[in-house]
Amino acid sequence: MSEAGSYEAQPGVVAGLGASRRRRHPAQRTLALWAIRLAVVGVGIVLWEWIGRRDGGVFVAPFTTTVRHLVDLWKDGALASAMWRSNEALLIGFPISVVAGLPLGFWLGRVRVADRAFSYFLDVALVIPMIAVVPVIIVALGLTLTARVLVVVLFALPIVALNARAAVRIVERPLVEMSEAFGASRRQVWQTVILPSSFAPVFTGLRVGLAHAISGMVVIELTLIPAGLGGLIVQFRSQFAAGDLYAVTLMILIEGLVLVGLAHAVEQSASRRLGRVDA
Amino acid sequence: MPDPRRVASLWPQAASFAALLAVWEVANETSNPYWLPSLQSVGSSWWDLASSGAFSAATTSLRTLGIGLAVVVVLGAVLSGLLASVRLLDDALSPLINAAMSTPTVALVPVYVLIWGYSDTTRVVAIISFSLFPLVLQWIAALRRVPAELTEMSHAFAASRTARVRTIVIPAVAPLLLNGARVGVVQAIKGLITSELIIGVVGVGKLIVQASDTFDMPQLYAVVLTVVAASIVSYVVLSTLESRASRWAES
């Protein structure tokens, strides 16, 4: 079935026939795309509301209730202060991951022995469930800011470093050799050849790293000793305060969407600008 | 039979690993922080756990992992088949899937606990929400990879459907399908351990929470390192399968 599907998906390209039958006007197509997206999200919200009402809001708080509680918690100030407390770790931990992760990745990407000796630790860090390490950190450091920052770094740094490493590895050798042949200094090679051409994967690493960092921020607060946003969640869960629990969860998901969405927007505008410079 | 020269070329990895163990031992000997047990005590604690049958808690974890993965594979096959064959749906929904993947899934686990309690369902749903979307994105890419020219040519030569599937479709999609499966398994393990740690009363999560509640450092390290080792092993096994498959597909 699948092979028939992808075969049919581009009939104009393959056979040069029947292209006009399937091709839609671009504006019409955009409309259709948004209609489908809205329909999927809309059906999801309606289902959520329906299940919540049928349930009586004990285990599933309906969508409308969730939004009301979100507004109330926000006005109350409890949500804002919990968010601030949680995000401290992100505000410190993510920059550390970037400042330490990028040079580490560049170094591993250019120095073979270092790469062989250390890169597999980063691979392992990506593959294992890092949350299993969190209890060790909490026992060692308590639920201090240091511990929360460390967890954010453990979640974000490996992906930032590995993407930076991959980025400088794919820079074409001939380009580097040519610029060296023309007497470019080490610094110039990095500035004019390696860094510009590794921009896209590096930025992807930063964006995914940010998403991981937000996960790390939430993970430590949910494990063992709750605090911040996680503390609110655990408190509401034990009180069976479904509306508040759903509201805080929704807030965390929205924060992730907004921050990573912003990173994505910055990434795209920067790569467009860089593309213009290259051209 | 491993090539001795290849084994010898692994010295940087071996050296850094040995250095890590050495630093661990020296730190333990000299300053002896309470949170860093000696390697030997971790080893003997692991042996105690293994021989007392405490690791049998892991069998419920593994069973849940199996159920969760089965559900993910079925849902993933349906969803990726649908999106790979209907371009419009893919264009409409892939951005939503990407957006969903940028949210911290772990925040949803307490909601699952509220709805399903400490049951298997909670953990299965956690596994699904961690691994379904990453697997689907890989599988869509895999299904898209069937080279149109080759399919066209096989039509022209009137190849039978089974011959076409065997000679063109499977070699084209198998490596990426396995890649997706690997991503799915890694994510599923993360979902499982995350939900067990947040629930705290079942499976491996229970062992970890018990050890940290009683400040039993050797046991805590023994369990955590076992989880780490198990996830590395499953990753390595799946990567090996994958590289076998892509070598076979190229031939």
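Sequence positions are assigned chain by chain, starting from 1 and proceeding in written order. Each chain gets a letter, beginning with A, and each ligand a number, beginning with 1, in the order they are written. Given that this is a predicted model, residues contribute local features only at a pLDDT of at least 70 and side-chain atom pairs are listed and counted only at 80 or more, while totals for whole chains, interfaces and linings are drawn from all residues.

Caption draft 1: Spotlight on the overall build of chain A. Helix and strand definitions here come from DSSP, where helices need a minimum of 4 consecutive H or I residues and strands a minimum of 2 consecutive E residues; each element is numbered from the N-terminal end. Along its length, chain A carries 14 helices and 0 strands. Each helix (α) and strand (β) of chain A, taken in turn from the N terminus, gives the series α-α-α-α-α-α-α-α-α-α-α-α-α-α. Here a residue counts as buried when 20 or more other C-beta atoms fall within 10 Å of its C-beta, as exposed when 12 or fewer do, and as partly exposed in between; the C-beta atoms come from the backbone. The burial tally for chain A puts 37% of its 279 residues in the buried class. By the convention adopted here, residues are in contact when the distance between their C-beta atoms, placed from the backbone, does not exceed 7 Å. Counting only contacts in chain A whose residues sit at least 6 apart along the sequence, the fraction spanning at least 24 positions is 72%.

Caption draft 2: Representation of helix 12 (residues 199-222) of chain A in the model. The length a helix should cover is 1.5 Å for every residue beyond the first. Under the 1.5 Å per step criterion, the end-to-end length of helix 12 of chain A is 35 Å for 24 residues, consistent within 8% with the ideal 34 Å. Burial of helix 12 of chain A is extensive: 19 of the 24 residues sit out of reach of the surface.

Caption draft 3: Fine view of the packing of helix 9 (residues 145-169) of chain A against helix 12 of chain A. Residues and elements named next belong to chain A. Between helix 9 and helix 12, the shortest axis-to-axis distance is 8 Å and the interhelical angle comes to 160°. When the interaxial angle is binned, helix 9 and helix 12 end up roughly antiparallel. Crossing angle aside, the handedness with which helix 9 passes helix 12 is right-handed. For this scheme, ten residues count as nonpolar: Ala, Val, Leu, Ile, Met, Phe, Trp, Tyr, Cys and Pro. Four count as charged, namely Asp, Glu, Lys and Arg, and the remainder, Gly too, count as polar. A breakdown of the residues in the contact of helix 9 with helix 12 according to their chemical character gives 19 nonpolar, 7 polar and 1 charged. Interaxial angles span 0 to 180 degrees and are taken between N-to-C directions of axes, which are lines fitted to C-alpha atoms, for helices over the stretch in contact. Throughout this description, any angle smaller than 35 degrees is read as roughly parallel, any larger than 145 degrees as roughly antiparallel, any in the 65 to 115 degree range as roughly perpendicular, and the remainder as oblique. Take the far helix as your reference; a near helix turned counterclockwise from it by less than a right angle gives a left-handed crossing, and one turned clockwise gives a right-handed crossing.

Caption draft 4: The nonpolar core, seen in detail. By size, the foremost hydrophobic cluster in this structure holds 124 residues, and its most contacted members are Val152 of chain A together with Ile208 of chain B. Beyond its immediate chain neighbours, meaning those up to four positions away, isoleucine 208 of chain B contacts Ala132 and Pro135 of chain A together with Leu197, Leu220, Val223 and Val224 of chain B. In these notes, a nonpolar core means any group of buried Ala, Val, Leu, Ile, Met, Phe, Trp, Tyr and Cys residues linked to one another through C-beta atoms within 7 Å.

Caption draft 5: The confidence of the model for chain A, seen in detail. Residues and elements named next belong to chain A. One confidence number per residue, pLDDT, is output by the predictor and ranges from 0 to 100. In the predicted model, chain A carries a mean pLDDT of 82, and 85% of its residues have values of at least 70. Considering each helix and strand of chain A separately, the mean pLDDT is smallest for helix 1 (residues 2-9), with a value of 36, and largest for helix 9, with 93. A low-confidence stretch, residues 1-21 (pLDDT under 50), is modelled with 32 contacts involving residues beyond four sequence positions or located in other chains.

Caption draft 6: Seen up close, the interface of chain B and chain A. Tallying the contact residues gives 52 residues for chain B and 53 residues for chain A. Counted by class, the side of chain B that touches chain A contains 37 nonpolar, 10 polar and 5 charged residues.

Caption draft 7: Highlighting helix 9 (residues 161-199) of chain B. All names here are of chain B. In this model, helix 9 (39 residues) spans only 49 Å end to end at C-alpha, well below the 57 Å of a helix rising 1.5 Å per residue. Of all the bends in helix 9, the greatest reaches close to 45° and is centred on isoleucine 170; the proline proline 171 follows between one and four positions later. Directly beyond the C-terminal end of helix 9, a positive phi value near 80° is found at glycine 200. Two axes enter the definition of the bend at a residue: one is fitted to the seven residues ending there, the other to the seven starting there, and the bend is the angle between them.

Caption draft 8: Up close: the packing of helix 4 (residues 26-55) of chain A against helix 5 (residues 63-76) of chain A. Residues and elements named next belong to chain A. Taken N-terminus to C-terminus, the directions of helix 4 and helix 5 make an angle of 90°; their axes are 7 Å apart at the nearest point. Between helix 4 and helix 5, the crossing angle belongs to the class labelled roughly perpendicular. Residues Ile45, Trp48, Glu49 and Gly52 of helix 4 lie in contact with helix 5, whose contacting residues are Phe63, Thr64 and Thr65. Residue composition of the contact of helix 4 with helix 5, grouped by class: 3 nonpolar, 3 polar and 1 charged.

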